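Each chain, written out:
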Amino acid sequence: MGVGDVANRSEVVHGFPHLDTVRSAITALYRRLSTEGVHTYAPSVLPGDVAFGDDDDLYLGAQRVARALVHHLRLPDARVIVGFREMEHAASVELTAGPEYFIELNDRFRTHRRDIGAALAHEITHVLLHRLGLSFPGTRDNEILTDTVTTYLGAGWLLLDAFREDALSSQKLGYLTPEEFGYVLAGRALAFDEDPRTWFTSPQAYHAYTKGRSRALLDAQQPPLTTAGRLGRLRYAKDRRRAREQPDGRTAGPFAYAFEQAPDGLRVSFPCTTCHQRIRVPVRGRVRARCGLCGTILDCDT
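Now for a quick tour of the structure.

A look at the overall build of the protein
In terms of regular secondary structure, the protein is built from nine helices and 13 strands. Radius of gyration (C-alpha) of the protein: 21 Å, near the 19 Å computed for a compact globule of 302 residues. Reported as C-alpha extents along the three principal axes, the dimensions of the protein are approximately 70 × 45 × 35 Å. In the protein, which comprises 302 residues, the proportion classed as buried is 54%. Sequence separation of at least 24 residues holds for 59% of the intrachain contacts in the protein that already meet a minimum separation of 6. Only carbon and sulfur atoms are counted for the fraction: they give 50% of the accessible area of the protein, which is about 13800 Å². The protein carries 38 positive and 37 negative side-chain charges, and their two centres are separated by 11 Å.

See below:
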């Protein structure tokens, strides 16, 4: 399994093209680990634990960072052996039954040591997912799952911090866009009451995080939540009226809610703002909805 990297500035994709898969990955993580299990990964890995100085021995330093990430990702039985060679991707890992795992890093990390932690975080998360038996079909979606889990479990801020851009060149590790990394990281920050902004060394990573955070905050401002804005509420009321007049169901909005008929009357379903699993509640005015997966309580005006 490898973590993709992009060196040509024109090839760096921005925005949120993988958001549906990212949200599905967060839901799958909560289903596999439970809310209590997810919260055992607090706090995030700290910058000092994965720092790599130019004076550090290459192999000993890589092993030290790998051990810190193994410990953070709660893989005490996994011994990671790190090597370097020429390759197309940034890194790869050999997934076996253990107890040893072999990670190979691109030779360019011999001189770009500040990003070794980012590459290792992605590959060691592959080990974690392998042990959990959690995967998505297809290489692309599985790599998005890996990036998402790495970030949501507190090690992926390293991947975002590896993003750098200037007028001549750029570097981005991972399969998510910089803004999508920011979105997942902001979702974790809201769930864990963290503020990762002080950890970034890359100004471009900081900017991408702020964009991702704005998109994450927008999730909590969609109807039928009481925090929805006026335009959203008006749109919701119109769709609700139409659903009552034409009881065949309707989905609307970028943060999609859907109406459906039930034996006891009209219901509305919408994604949880934390784990993104869909919640269904009766359409009967003000209600408090509790997500059955992550336990988040949401105030709604249905």
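Having put the structure on the table, let's press on.
A few points about the nonpolar core
Counting residues in each nonpolar core, the largest one holds 90 residues, and the members touching the most others are Leu69, Leu105, Leu120, Ile124, Leu153 and Phe270. Examining the composition of this core, we find that ten residues originate from one element, helix H4 (residues 116-132), more than from any other. Ignoring anything within four residues of it in the chain, the contact list for Leu153 reads Leu29, Leu33, Val38, Tyr41, His72, Leu73, Leu128 and Arg188.

Here's the deal with the packing of helix H3 (residues 58-72) against H4
Two numbers describe how H3 lies on H4: the axes approach to 10 Å, and their chain directions differ by 45°. What the angle tells us is that H3 and H4 run oblique. Note on packing geometry: the crossing formed by H3 with H4 is right-handed. Taking contact as the criterion, the partners of Leu58, Ala62, Val65, Ala66, Leu69 and Val70 in H3 are, on H4, Ile116, Gly117, Leu120, Ala121 and Ile124. Classifying every residue of the contact of H3 with H4 gives ten nonpolar, one polar and no charged.

Side note on the pattern of salt bridges
As enumerated under the stated definition, the model contains 15 salt bridges in all. Note that Arg197 is salt-bridged to Asp195, the shortest N-O span being 2.8 Å. Residue class for Arg197 comes out partly exposed when judged on its relative accessible area of 30%. You can call Asp195 partly exposed: its relative accessible area is 38%. Residue Asp299 pairs with Arg288 through a salt bridge whose shortest N-O separation is 2.9 Å. In this pair, Asp299 sits in strand S13 (residues 297-301) while Arg288 sits in strand S12 (residues 286-290), placing the two residues eleven residues apart along the sequence. Using a relative accessible area of 64% as the deciding quantity, one classes Arg288 as exposed. Through salt bridges with shared partners, one network takes in Arg23, Arg215 and Asp219.

Details of the packing of aromatic side chains
The full count for this structure, using the stated rule, is nine aromatic pairs. Centroid distance Tyr152 to Phe192: 6.3 Å. Interplanar angle 75°. Geometry classified as edge-to-face. Of this pair, Tyr152 sits in helix H5 (residues 139-152) while Phe192 sits in helix H7 (residues 178-192), placing them 40 residues apart in sequence. Note on accessibility: Tyr152 and Phe192 belong to one class, buried. Here Trp157 and Trp199 contribute two aromatic rings whose centre-to-centre distance is 5.3 Å and whose plane-to-plane angle is 45°, an arrangement assigned as tilted.

A look at the environment of Thr146
Mapped onto the secondary structure, Thr146 falls in helix H5. Under the relative-accessibility criterion, Thr146 is labelled buried at 0%. Each C-alpha atom of the pair Thr146 and Leu176 lies 9.8 Å from the other, and the pair is 30 residues apart in sequence. Ignoring sequence-local partners within four residues, the contact set of Thr146 consists of His122, Thr125, His126 and Leu129. A distance of 2.9 Å separates a polar side-chain atom of Thr146 from the backbone oxygen of Asn142.

Overview of helix H8 (residues 203-219)
The terminal C-alpha atoms of H8 lie 25 Å apart, and with 17 residues this matches the ideal 24 Å at 1.5 Å per residue to within 8%. All of the buried residues in H8 are Ala205, Ala208, Tyr209, Gly212, Arg215, Ala216 and Asp219. In an axial view of H8, the angular spread of the buried residues amounts to 125°, which keeps them on one side of the axis. The inward-facing, buried residues of H8 abut helix H1 (19-38), helix H6 (157-161) and H7.

Calculation notes
Residues numbered from 1 in each chain as written. Predicted model: local features only at pLDDT ≥ 70, side-chain atom pairs only at ≥ 80, totals over all residues. Heavy atoms only, no water. Helix = DSSP H or I, 4+ residues; strand = E, 2+ residues; numbered from the N terminus. Rg over C-alpha atoms; globule rule 2.2 N^0.38 Å. Buried < 20%, exposed > 50% of the residue type's maximum accessible area, 1.4 Å probe, protein only. Contact = heavy atoms within 4.5 Å. Areas by Shrake-Rupley, 256 points an atom, 1.4 Å probe, with all protein chains shown as cover. Lys, Arg positive; Asp, Glu negative; His and termini not counted. Charge placed at Lys NZ, Arg CZ, Asp CG, Glu CD. Core = buried A, V, L, I, M, F, W, Y, C linked by side-chain atoms within 4.5 Å. Axes fitted to C-alpha atoms, helices over the stretch in contact; angles between N-to-C directions. Parallel < 35°, antiparallel > 145°, perpendicular 65-115°, else oblique. Left-handed = near helix turned anticlockwise from the far one by under 90°. Nonpolar A, V, L, I, M, F, W, Y, C, P; charged D, E, K, R; others polar. Salt bridge = Lys/Arg side-chain N within 4 Å of Asp/Glu carboxyl O. Phe/Tyr/Trp six-rings, centres within 6.5 Å; stacked < 30°, edge-to-face > 60°. Polar contact = N/O pair within 3.5 Å; in protein donor to acceptor, adjacent residues only side chain to side chain. Expected span 1.5 Å × (residues − 1). Arc of directions from axis to C-beta.

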